[in-house]
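Coordinates in review
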Amino acid sequence: MEDLVKSFTQIPAFLEYLGKEFNATIDQNPTFPFLCSKHYADLIRNAEQPEALLREILPSIEELKDAPGFVDDPVGDLNAGKSENIIQKYDGRALIIATAACGVRCRFCFRRNYPFQSSPDVAREVSNWLDVHTDVWEIILSGGDPLSMGVGPFRDLVEAIAAHPAVTTLRIHSRLPIMRSDQVMQHFELLQELPARFNCVLVSHVDHPDELDGNSAIVFGSLKQAGWTLLNQSVLLKGVNDNAETLTKLSRKLFEQGVLPYYLHQLDHAKGVAHFEVEDHRAQELIEEIRTKLPGYEVPKLVREIAGEKSKTPV
């Protein structure tokens with residue numbers, strides 16, 4: 001029966017499966033609901049630093065504390081909305097909220113307060129919008145997690161985009177390579193076709209080296225062999241990866257699996273996440289320290305997103 005469980009939605013069942021204590025006061029009824037895949041629970045079981053991974057996904061009463069400057073929409077998604085599921089902040093590029101579904105609810109999620117609506121007509125909406133906006137050359141699929149879509153709806157969305165020849169780059173942001181590799185691989189027939197039709201980029205969201213294992217290596221290796229460019233962006237998180245040893249190990253392990261460390265993001269100031277914040281001066285110290293331990297191509301860029309700006313801002 002245990003093998004049939006793909007995800008945990010109830011904290012007691014998750015903790016019982018894990019068999020571990022967590023040294024924090026858990027919010028058993030969080031406003032931002034709990035969700036964790038069984039595979040991620042297995043990663044926690046086998047982790048060298050299980051408390052770091054637990055901190056990413058287990059609700060804490062710290063989320064209930066108000067903090068100045070931490071708001072519902074920290075990166076200005078709503079103001080940049082062009083329709084229900086389309087966001088455009090940068091010239092020539094547009095982001096699609098492909099689905100509200102995700103493989104996990106990360107406690108630091110910058111869209112934790114976003115008014116998600118999974119639309120059955122997202123493919124038609126995107127196609128109609130691209131009919132008019134012929135200057136858009138890159139489409140970014142986000143969410144939620146776009147790879148959590150069913151095979152049919154995901155293909156419909158990709159085909160709707162492909163029908164517009166101005167779009168030459170398709171970028172997918174996903175945490176599923178470390179959360180639900182099975183959901184990634186259900187799309188592999190299509191994913192391996194796409195590099196013949198687009199410049200294809202997968203941006204994985206991996207924050208800690210213990211999140212990478214043999215399953216993630218298979219996903220990344222398969223995509224790389226198919227012709228995808230693989231990048232990673234991590235969020236700098238207090239109590240998770242805010243030390244040079246962890247960040248160095250993360251970059252090396254990513255590169256071993258064929259993924260280039262790209263961004264290290266300072267925390268987006270979403271309401272309920274202030275306890276994860278690492279101060280800028282400490283973040284800069286960490287980058288300088290890992291720069292002495294890694295070749296330049298394995299050192300991610302330290303950035304933050306500021307609402308209304310036309311690019312990421314270096315820190």
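The following paragraphs examine the structure supplied in this document.

Re the overall build of the chain
Along its length, the chain carries 11 helices and 12 strands. A globule of 315 residues ought to have a C-alpha radius of gyration of about 20 Å, and the chain, at 19 Å, matches this closely. For the chain, the spread of C-alpha atoms along the three principal axes comes to 55 × 50 × 40 Å. Residues classed as buried in the chain amount to 53% of the 315 residues present. Expressed as a percentage of contacts within the chain between residues at least 6 apart in sequence, the contacts between residues at least 24 apart total 81%.

Comments concerning the pairing of strand β7 (residues 169-174)
Counted residue by residue, β7 has six buried out of six residues, so it is predominantly covered. Note that strand β6 (residues 138-142) and β7 share four bridges and pair parallel. Bridge pairing links Ile140 to Arg171 in β7. Running through helix α5 (residues 151-162), the crossover from β6 to the neighbouring parallel element β7 is right-handed. When β7 meets strand β8 (residues 199-204), the two strands line up parallel, connected through six bridges. Residue pairing in the sheet places Ser174 in a bridge with Ser204 of β8.

With respect to a nonpolar patch on the surface
Taken together, the side chains of Phe255, Leu260 and Tyr297 make up a nonpolar region of the molecular surface, amounting to roughly 280 Å² of accessible area. Of note, Phe255 is situated in helix α10 (residues 244-256). The exposure class of Phe255 is partly exposed, given its relative accessible area of 36%.

Things to note about the sheet that holds β7
Strand order in the open sheet formed by 10 strands is β3-β4-β5-β6-β7-β8-β9-β10-β11-β12, with mixed pairing between adjacent strands. Every interior strand has two partners, whereas the edge strands, β3 (81-83) and β12 (313-314), have only one. Examined bridge by bridge, strand β9 (residues 229-235) and strand β10 (residues 260-265) share five bridges and lie parallel to one another. Considered in β10, the bridge of Ser234 is made with Leu264.

Some details on the packing of aromatic side chains
Enumeration according to the criterion identifies six aromatic pairs in this entry. Here Phe8 and Tyr17 contribute two aromatic rings whose centre-to-centre distance is 5.3 Å and whose plane-to-plane angle is 40 degrees, an arrangement assigned as tilted. For the pair formed by Phe8 and Tyr17, the shared burial category is buried. Taking the centre distance of 5.1 Å and the plane angle of 40 degrees together, the rings of Phe255 and Tyr297 count as tilted. Pair noted here: Phe255 is in helix α10 and Tyr297 is in the loop between α11 (280-291) and β11 (301-304), with a separation of 42 residues, a long-range link.

Some thoughts on the nonpolar core
Core analysis: the biggest nonpolar cluster contains 69 residues, and Phe14, Ile57 and Ile139 have the highest contact counts within it. Contacts of Phe14, omitting those with residues within four sequence positions, involve Phe8, Phe34, Cys36, Ala41, Ile44, Leu54, Ile57 and Leu58. Core analysis: the second largest hydrophobic core is formed by 12 residues, Leu247, Leu264, Leu286 and Val299 among them.

Quick notes on the pairing of β8
The buried count for β8 comes to five of six residues, which makes it a mostly enclosed element. With four bridges connecting them, β8 and β9 associate as parallel partners. Considered in β9, the bridge of Val201 is made with Thr229. Handedness of the β8-helix α9 (residues 214-226)-β9 crossover: right-handed.

Description of the side chain of His208
Tracing the backbone shows His208 in the loop between β8 and α9. A relative accessible area of 0% means that His208 is categorised as buried. Of the polar contacts made by the side chain of His208, one reaches the side chain of Gln49; its length is 2.6 Å. Of note is the side chain of His208, whose polar atom sits 3.0 Å from the backbone nitrogen of Asp210. Contact partners of His208, with chain neighbours within four places excluded, come to Gln49, Ala52, Leu53, Glu56, Val240, Thr246 and Leu250.

So, the packing of α10 against α11
Geometrically, a packed helix pair is captured by the angle between its two axes and the distance between the axes. Closest axis-to-axis distance for the α10/α11 pair is 9 Å, and the angle between their directions is 55 degrees. For the element pair α10 / α11, the angle class is oblique. In the packing of α10 onto α11, the handedness of the crossing is right-handed. Note on element contacts: α11 touches α10 through Leu286, Glu289 and Ile290, opposite Ala244, Leu247 and Thr248. Considered class by class, the residues forming the contact of α10 with α11 number four nonpolar, one polar and one charged.

Conventions we followed
- Residues numbered from 1 in each chain as written.
- Predicted model: local features only at pLDDT ≥ 70, side-chain atom pairs only at ≥ 80, totals over all residues.
- Heavy atoms only, no water.
- Helix = DSSP H or I, 4+ residues; strand = E, 2+ residues; numbered from the N terminus.
- Rg over C-alpha atoms; globule rule 2.2 N^0.38 Å.
- Buried < 20%, exposed > 50% of the residue type's maximum accessible area, 1.4 Å probe, protein only.
- Contact = heavy atoms within 4.5 Å.
- Pairing = 2+ DSSP bridges.
- Right-handed = clockwise from strand over helix to strand, strands pointing away.
- Patch = residues over 30% accessible without salt bridge, like charges linked within 9 Å, V, L, I, M, F, W, Y side chains within 5 Å.
- Areas by Shrake-Rupley, 256 points an atom, 1.4 Å probe, with all protein chains shown as cover.
- Salt bridge = Lys/Arg side-chain N within 4 Å of Asp/Glu carboxyl O.
- Phe/Tyr/Trp six-rings, centres within 6.5 Å; stacked < 30°, edge-to-face > 60°.
- Core = buried A, V, L, I, M, F, W, Y, C linked by side-chain atoms within 4.5 Å.
- Polar contact = N/O pair within 3.5 Å; in protein donor to acceptor, adjacent residues only side chain to side chain.
- Axes fitted to C-alpha atoms, helices over the stretch in contact; angles between N-to-C directions.
- Parallel < 35°, antiparallel > 145°, perpendicular 65-115°, else oblique.
- Left-handed = near helix turned anticlockwise from the far one by under 90°.
- Nonpolar A, V, L, I, M, F, W, Y, C, P; charged D, E, K, R; others polar.

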